[in-house]
Amino acid sequence: QVQLVESGGGLVQAGGSLRLSCAVSGTIFSRNTMGWYRQAPGKQRELVATITSGGITNYGDSVKGRFTISRDNAKSTVYLQMNSLKPEDTAVYYCNLNSYVAYWGQGTQVTVSS
């Protein structure tokens, strides 16, 4: 059974930093593309970042230069380092594992105050 558990969310001030973690179990983590998505109130879920099994990364335009996705295969964990946070980054952040089917975590709330 594949499980994704996000952690690291919280409340920070604008300009601050936060690191999210997503621990994966129940599958061979190193084979999969991983991603972070977010959904703010009243908005559609949007891509934040992805990282392939080979380490190739992709970022949404709104976070380029500020966020960094990485993975630690030994720990079966994907991270999202968020710097220079803005109030518009406030959202629930979801971890995604893309395999034959997609798996999602339950999300972690990130709130950025002005």
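Source: prediction; values computed, not measured.

As for the environment of Thr-57
Topologically, Thr-57 is positioned in strand E6 (residues 57–59). With 22 residues separating them in the primary sequence, Thr-57 and Gly-35 have C-alpha atoms 9.3 Å apart. Not counting chain neighbours up to four residues away, the residues in contact with Thr-57 comprise Thr-50, Ile-51 and Ile-69.

Re the pairing of strand E11 (residues 108–113)
Of the two faces of E11, only one is covered, namely that formed by Thr-108, Val-110 and Val-112; the face formed by Gln-109, Thr-111 and Ser-113 stays uncovered. In the sheet, strand E2 (residues 10–13) pairs with E11 via four bridges, with the strands oriented parallel. Among the inter-strand pairings, Leu-11 is bridged to a residue of E11, identified as Thr-111.

Considering the environment of Ile-51
With respect to the helices and strands, the residue Ile-51 is situated in strand E5 (residues 46–51). Taking the C-alpha atoms as reference, Ile-51 lies 7.8 Å from Arg-71; in sequence the two are 20 residues apart. For Ile-51, the contacting residues outside a window of four places in its chain are Asn-32, Thr-33, Met-34, Ile-56, Thr-57, Ile-69, Ser-70, Arg-71 and Val-78.

Focus on the pattern of salt bridges
Charged atoms that come close allow side chains of opposite charge to pair. Tallied over the entire structure, the rule returns four salt bridges. The partner of Glu-46 in a salt bridge is Arg-38, and the shortest N-O contact between them spans 2.7 Å. On the accessibility criterion, Glu-46 (33% relative accessible area) is partly exposed. We note a salt bridge from Asp-89 to Arg-66, for which the minimum N-O separation is 2.7 Å. Here Asp-89, found in the loop between strand E8 (77–82) and strand E9 (91–98), pairs with Arg-66, found in the loop between E6 and strand E7 (67–72); they are 23 residues apart in sequence, far enough to count as distant. The burial state of Asp-89 is the same as that of Arg-66; both residues are buried. Among the charged side chains, a salt-bridge network with shared partners connects Arg-38, Glu-46, Arg-66 and Asp-89.

With respect to the sheet that holds strand E1 (residues 3–7)
An order of E1-E3-E8-E7 is seen for the four strands of this open sheet, with the pairing classed as antiparallel. Every interior strand has two partners, whereas the edge strands, E1 and E7, have only one. Adjacent strand axes in the sheet meet at a mean angle of 15°, parallel and antiparallel pairs treated alike. The sheet contact formed by strand E3 (residues 18–25) and E8 spans six bridges and is antiparallel. If you follow Ala-23 over to E8, its bridge partner there is Thr-77.

Some points on the nonpolar core
Nonpolar side chains tend to gather and get buried jointly when the protein is soluble and globular. Among the nonpolar cores identified, the biggest contains 28 residues, and Met-34, Trp-36, Val-78, Leu-80, Met-82 and Tyr-93 are the most heavily contacted of them. For this core, the secondary-structure elements that each account for two or more residues are E3, strand E4 (33–39), E5, E7, E8, E9 and E11.

What counts, and at which threshold
Residues numbered from 1 in each chain as written. Predicted model: local features only at pLDDT ≥ 70, side-chain atom pairs only at ≥ 80, totals over all residues. Heavy atoms only, no water. Helix = DSSP H or I, 4+ residues; strand = E, 2+ residues; numbered from the N terminus. Contact = heavy atoms within 4.5 Å. Buried < 20%, exposed > 50% of the residue type's maximum accessible area, 1.4 Å probe, protein only. Pairing = 2+ DSSP bridges. Salt bridge = Lys/Arg side-chain N within 4 Å of Asp/Glu carboxyl O. Axes fitted to C-alpha atoms, helices over the stretch in contact; angles between N-to-C directions. Core = buried A, V, L, I, M, F, W, Y, C linked by side-chain atoms within 4.5 Å.

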